[in-house]
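# Inside the fold
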Amino acid sequence: MSRTSTAPVRKVGVVGCGLMGSGIAEVCARAGLDTLVYEVNGDALATGRRRIEDSLTRALERGRLTPADRDATLAALTFTTALDDFADRDLVLEAVPENEELKAGIFADLDRIMTRPDALFASNTSAIPIITLGTATTRPGQVAGLHFFNPVPVLDLVELVPSLATTDDTRERLRAFAADTLGRHVIAAPDRAGFVVNALLIPYLLSAVRMLEAGVASAHDIDTGMVRGCAHPMGPLALIDHIGLDTTLAVAETLHTEFREPLYAPPPLLSRMVRAGRLGRKTGRGFHEHPPRTDAPAPATAATNAR
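Structural notes, computed from the coordinates.

Criteria and cut-off values
For every chain, the first residue of the written sequence is number 1, and numbering continues from 1 onward in sequence order. Given that the model is predicted, a residue must reach a pLDDT of at least 70 before its local features are reported, and side-chain atom pairs must reach 80 or more before they are shown or counted; all residues, however, enter totals for whole chains, interfaces and linings. No hydrogens and no water enter the side-chain calculation; it runs on all heavy atoms of the structure. Side-chain rings of Phe, Tyr and Trp (the six-membered ring for Trp) are treated as a pair once their centres are within 6.5 Å; stacked means planes under 30 degrees apart, edge-to-face means over 60, and tilted covers the remaining angles. Starting at the N terminus, helices and strands are each numbered in turn, a helix being any DSSP run of H or I of at least four residues and a strand any DSSP run of E of at least two. Buried residues are those whose accessible area, probed at 1.4 Å on protein chains only, stays under 20% of the maximum for their type, while exposed residues exceed 50% and partly exposed ones sit between those limits. Seen with the strands pointing away from the viewer, any crossover whose path from the first strand over the helix to the second strand runs clockwise is right-handed. At least two DSSP bridges between two strands are needed for those strands to be called paired. Residues belong to a common nonpolar core when they are buried Ala, Val, Leu, Ile, Met, Phe, Trp, Tyr or Cys residues joined through side-chain atoms within 4.5 Å. Note on contacts: a residue pair is in contact if any heavy atoms of the two residues lie within 4.5 Å. Orientation is described by lines fitted to C-alpha atoms, with helices fitted over the stretch in contact, and by angles between N-to-C directions that extend from 0 to 180 degrees. Roughly parallel here means an angle under 35 degrees, roughly antiparallel means over 145, roughly perpendicular means 65 to 115, and every remaining angle is called oblique. Two helices cross in a left-handed way if the nearer one is turned anticlockwise from the farther one by less than a right angle. They cross in a right-handed way if the turn is clockwise. Charged residues are taken to be Asp, Glu, Lys and Arg, nonpolar residues to be Ala, Val, Leu, Ile, Met, Phe, Trp, Tyr, Cys and Pro, and polar residues to be all remaining types, Gly included.

## Side note on the packing of aromatic side chains
Enumeration according to the criterion identifies two aromatic pairs in this entry. Ring geometry for Y38 and F86: centres 6.4 Å apart, planes at 75 degrees, overall edge-to-face. Taken together, the residues Y38 in strand β2 (residues 34-38) and F86 in the loop between β3 (77-80) and β4 (91-94) connect sequence positions 48 residues apart. This pair shows no difference in class: Y38 is buried, exactly as F86 is. Summarising the aromatic geometry, the rings of F259 and Y264 are spaced 5.7 Å apart at their centres and angled 35 degrees between planes, so their arrangement reads as tilted.

## Some words on the pairing of strand β5 (residues 120-123)
In summary, the side chains of a regular strand alternate between the two faces of the sheet. Neither face of β5 is open: one carries L120 and A122, the other F121 and S123, and all of them are buried. In this view, the connection linking β4 to its parallel neighbour β5 by way of helix α4 (residues 100-113) has right-handed handedness. The pairing of β5 with strand β6 (residues 143-147) spans three bridges and is parallel. Within β6, the residue paired with F121 across the bridge is V143.

## Thoughts on the nonpolar core
Membership of the largest hydrophobic core comes to 35 residues, with the highest contact counts inside it found for L93, L146, F148 and F177. A total of six residues in this core trace back to one element, the largest contributor, which is helix α1 (residues 19-30). Leave out the neighbours within four places in its chain, and F177 touches V9, V12, C28, L33, L91, L93, L146 and L182. Formed by 27 residues, the second largest nonpolar core is a distinct cluster that contains A199, L205, A208 and M273.

## Re the packing of helix α7 (residues 197-213) against helix α9 (residues 236-243)
Packing of α7 against α9 brings their axes to within 9 Å, and their N-to-C directions diverge by 115 degrees. Viewed along their axes, α7 and α9 adopt a mutual orientation that is roughly perpendicular. Judged by the sense of rotation from one axis to the other, the crossing of α7 with α9 is left-handed. Listed contacts from α9 to L201, Y204, L205, A208, V209 and L212 of α7 are P236, L237, L239, I240 and I243. Classifying every residue of the contact of α7 with α9 gives 11 nonpolar, no polar and no charged.

Here it is as structure tokens:
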């Protein structure tokens, strides 16, 4: 049963410290929140922590952060490999890869672990129905989607996605958290695969893959056309490389499963490149060749969750 509360969120947990999780953790800590970050093992946690530290260093070098603010942000962060440490959190944000079974399992574990009766649960999923994740808990009224965009410290949009079970109290507390505490621009999105942004973005990206697959134009010319002809910060194939071909494929498959519309069907070329391990920037090769990854953010552009 959902509990009504007006208590502000002060203690936040972030499950996952990949590109999205580290960005979410950073903006929470920069807002002065007690932020606890989880990863599955020490190596992954060290990589995630280093990613946050590097991001803060870049912000400092660019004059977007003072040394005192950087130190305060680092002091607000703690790291763990034990999910049980989330027991006292007011809110936990899940930011693991786009795998429904994995996410649902985490929500079931958090439901057991988190002791506060008014605790909030949020997912950063790009496309998985929130009701599916909510019903993995005994408190579906306290579960909603908070979909951030990559790179999180740069792009200020958040999609707030309530399910049919989400209470008005939960919706308002999460809106206040994202808008008032984190300073994000919040838009309301329906609990349907792709929400608002990805429902528009994914067909565009898949169309670019189909154009390349059909031999209409080269990857370079497709991307150059959209950058120089439409003033996009990066072309669609470069954006897929930034997101990750595997993530793009997973989101497209979720959309196609729900709507059965041809525009969401993954092109064979995309599926084959994923099978070949050509996943984009994270592997050094996708539709373009990439230098060794340093985790520096790509130019700001709306993007699906990149793990």
